[in-house]
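Examination of the molecular architecture
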Amino acid sequence: MITWQRTADIHDGKLQETFAWAVKVTKYVNQKFPGVNLYTARNVDGPVYQIHWFATHESLAAYEKQRKQLESDEGYGRLLAEIREQGHLIGASVVDVLYEKIA
């Protein structure tokens with residue numbers, strides 16, 4: 001089992017708008033790509049202006065296949081362009097991490 005996590009920092013004053021956009025992205029991905037089970041989370045403690053996305057995949061191959069589908073999807077591309085244009089996220093802060101379940 002592979003878990004993917006993306007973390008991004010949010011510009012000051014853009015918290016609620018970014019959360020709303022993140023929910024829209026999560027709903028879009030889950031509807032467009034059944035079985036992905038993407039979810040969005042915020043910190044309960046720690047940096048307030050940070051957001052996270054998580055998804056699980058059966059294998060690295062399944063993760064790679066889904067990633068390629070997502071990157072080539074026009075609707076997802078429009079959602080990314082929307083957030084860039086509005087300047088909500090700090091681009092250099094976006095970090096992706098993969099975890100492998102061991103137990």
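Going by the structure above, here's the rest.
If you're wondering where the values come from, they're calculated on a predicted model, not measured in any experiment. (Residues numbered from 1 in each chain as written. Predicted model: local features only at pLDDT ≥ 70, side-chain atom pairs only at ≥ 80, totals over all residues. Heavy atoms only, no water.)

Overview of the overall build of the protein chain
For clarity, the cut-off: Think of it this way: any DSSP run of H or I at least four residues long counts as a helix, any run of E at least two long counts as a strand, and we number them from the N terminus. Only C-alpha atoms enter the radius of gyration; for comparison, a globular chain is expected to reach 2.2 Å times N to the power 0.38, where N is the number of residues. Remark: exposure states derive from per-residue accessible area (1.4 Å probe, protein chains only) relative to the maximum for the residue type, with buried under 20%, exposed over 50%, and partly exposed in between. Contact between two residues is taken to exist if any of their heavy atoms lie within 4.5 Å; hydrogens are not considered. Here, Shrake-Rupley sampling with a 1.4 Å probe gives the accessible areas, and only protein chains in the shown set may cover a residue.
When you go through the protein chain residue by residue, the secondary structure sums to 3 helices and 4 strands. The helix and strand sequence of the protein chain, counted from the amino end, reads β-α-β-β-α-α-β. The globule rule puts the C-alpha radius of gyration for 103 residues at 13 Å, and the 14 Å found for the protein chain is close to it. Going through the 103 residues of the protein chain one by one, you find that 35% of them count as buried. Residue pairs at least 24 apart in sequence account for 76% of intrachain contacts in the protein chain once pairs closer than 6 positions are excluded. Of the roughly 6600 Å² that the protein chain leaves accessible, carbon and sulfur atoms contribute 55%.

As for helix H3 (residues 74-86)
Quick note on the threshold: A helix is expected to span 1.5 Å multiplied by its residue count minus one. Comment: arc refers to directions from the helix axis out to C-beta atoms. In protein, a polar contact means a hydrogen-donor-capable atom and an acceptor-capable atom, both N or O and within 3.5 Å, with residues adjacent in sequence counting only if both atoms are side-chain atoms; elsewhere, any N or O pair within 3.5 Å suffices.
Here H3 is 13 residues long and its end C-alpha atoms lie 18 Å apart, about the 18 Å a rise of 1.5 Å per residue gives. Those residues of H3 not exposed but buried are Gly75, Tyr76, Leu79 and Ile83. Looking down the long axis of H3, one finds its buried residues gathered within 105° of arc, a one-sided arrangement. For H3, the exposed residues set more than 90 degrees away from the buried face come down to Glu74, Arg78, Arg84 and Glu85. In this structure, the buried residues of H3 make contact with strand S1 (2-9), helix H1 (15-32) and helix H2 (60-71). N-cap assignment for H3: the residue whose side-chain oxygen lies 3.2 Å from the backbone N of Gly75 is Asp73.

Points about the nonpolar core
Spelled out, the test is: Buried Ala, Val, Leu, Ile, Met, Phe, Trp, Tyr and Cys residues that are joined via side-chain atoms within 4.5 Å together make up what is termed a nonpolar core.
If you look at the biggest cluster of nonpolar residues, it comprises 21 residues, and the most contacted ones within it are Trp21, Val29, Leu38, Ile51, Trp53 and Leu89. Those elements that place two or more of their residues in this core are S1, H1, strand S3 (50-57), H2 and H3. Looking at which element gives the most residues to this core, the answer is H1, with 6 residues. Excluding anything up to four places from it in sequence, Trp21 contacts Trp53, Leu79, Leu80, Glu82, Ile83 and Leu89.

What about the packing of aromatic side chains?
Using the following cut-off: Pairs were defined over the aromatic rings of Phe, Tyr and Trp, the Trp ring being its six-membered one, requiring ring centres within 6.5 Å. Orientation was assigned from the angle between planes: stacked under 30 degrees, edge-to-face over 60, tilted for the rest.
Enumeration over the complete set of coordinates arrives at 2 aromatic pairs. Geometrically, the ring pair formed by Trp21 and Trp53 is edge-to-face, given 6.0 Å between the ring centres and 85° between the ring planes. Highlighted residues: Trp21 in helix H1 and Trp53 in strand S3, separated in sequence by 32 residues. For Trp21, a relative accessible area of 5% corresponds to the buried category. Ring geometry for Tyr39 versus Phe54: centroids 5.1 Å apart, planes at 20°, classification stacked. Here Phe54 lies in strand S3 and Tyr39 lies in strand S2 (residues 39-42), a separation of 15 residues in the sequence.

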